[in-house]
Every structure is written in structure tokens, then in C-alpha cells.
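Commentary on secondary and tertiary structure
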Amino acid sequence: MSKTAKRLNTQEERKIVSRAAKKASSTAFRISTALELPIQIVQGKKIVLKEANGTTRELKKINQVKSRIALSKGTKICLQPKG
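Throughout this document, residue positions are counted from 1 along each chain, in the order its sequence is written. Side-chain atom pairs in this predicted model are given and counted only at pLDDT of 80 or more, local residue features only at pLDDT of at least 70, and totals for whole chains, interfaces and linings cover all residues. Excluded from the side-chain calculation are hydrogens and water; included are all heavy atoms of the structure.

**Brief notes about the overall build of the protein**
Helix and strand content of the protein: one helix and three strands. The order of α-helices and β-strands along the protein, N terminus first, is α-β-β-β. Classification of the 83 residues of the protein by burial places 5% in the buried group. Throughout, the Shrake-Rupley method with a 1.4 Å probe supplies accessible areas, and for residues the shown protein chains are the sole cover considered. With the model as given, the accessible surface of the protein reaches about 8300 Å², and the carbon-plus-sulfur share is 55%. Secondary structure counts use DSSP, requiring at least four H or I residues in a row for a helix and at least two E residues in a row for a strand, with both numbered from the N terminus. Remark: exposure states derive from per-residue accessible area (1.4 Å probe, protein chains only) relative to the maximum for the residue type, with buried under 20%, exposed over 50%, and partly exposed in between.

Following this line, the structure appears as C-alpha cells:
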């Protein structure tokens, strides 16, 4: 298989996964509202709690952290030290 064929195959897989994630997200949203469960979402730089009755409440502000290390795509990050 050539590099371009592999790249196209990877792009198609990403599109499929992206569509599946969007569908799962909308299904979860619909089910949560039907069961009158609150939903936490990220809006801009805030985490917001949306209640089933339509009220919203800000839970937390998110501060963007700038990294001094340049990471390439696909790099795995371990947040807890080993050992």
C-alpha cells in the first residue's frame, strides 16, 4: 500500500470516528434531557452545568496552560509519575 493510500485510509477512519462521536454525543444529550439529568459542557473557557429545566450554572473557569515543550501529534502524556 502506498503512502497516499494509507493517508487517505487514515483520514477516512478519522471522519468515521468523528461522525460516531458526534452521534454518540447528541444521543447522550437527548437521553440525559429525557431523564432530567444535568449535563456538564465546556463553553469557551468555562465548564457549565446545564440543568434539565434549562438553567445554566458556571462550575469552573479553565485557564489555558502554555507548554514550554513542543509535542508532536500523537504524543502520549502521563500525568502521574511512575513508581
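**Things to note about the sheet that holds strand E1 (residues 39-43)**
Strand pairing follows a simple DSSP-based rule, namely that at least 2 bridges must link the two strands. Strand order in the open sheet formed by three strands is E1-E2-E3, with antiparallel pairing between adjacent strands. Of all strands in the sheet, those bounded by a partner on one side alone are E1 and strand E3 (56-61). Neighbour-to-neighbour, the strand axes of the sheet open up by a mean angle of 30°, direction not taken into account. Here E1 runs beside strand E2 (residues 46-50); their pairing, made up of five bridges, is antiparallel. Across the sheet, Val42 pairs through a bridge with Ile47, a residue of E2. Axis definition: a line fit to C-alpha positions, over the contact stretch in the case of helices; interaxial angles, taken between N-to-C directions, run 0 to 180 degrees.

**Looking at the pattern of salt bridges**
Here, a salt bridge means any Lys or Arg side-chain nitrogen found within 4 Å of an Asp or Glu carboxyl oxygen. A full pass over the atoms with the stated rule returns one salt bridge. Of the charged contacts, one joins Glu58 and Lys46 as a salt bridge, the two residues approaching to 3.9 Å between their closest N and O atoms. A residue pair is termed long-range when its members are at least 10 positions apart, and Glu58 in strand E3 and Lys46 in strand E2 qualify at twelve residues.

**A closer look at the pairing of E3**
Across the six residues that make up E3, only a small minority, zero, are buried. Bridging between E2 and E3 involves five bridges; their strand directions are antiparallel. Counterpart to Leu49 in the pairing with E3 is Arg57. Counting the residues in the hairpin turn of E2 and E3 gives five residues, including Gly54, whose phi is positive at 100°.

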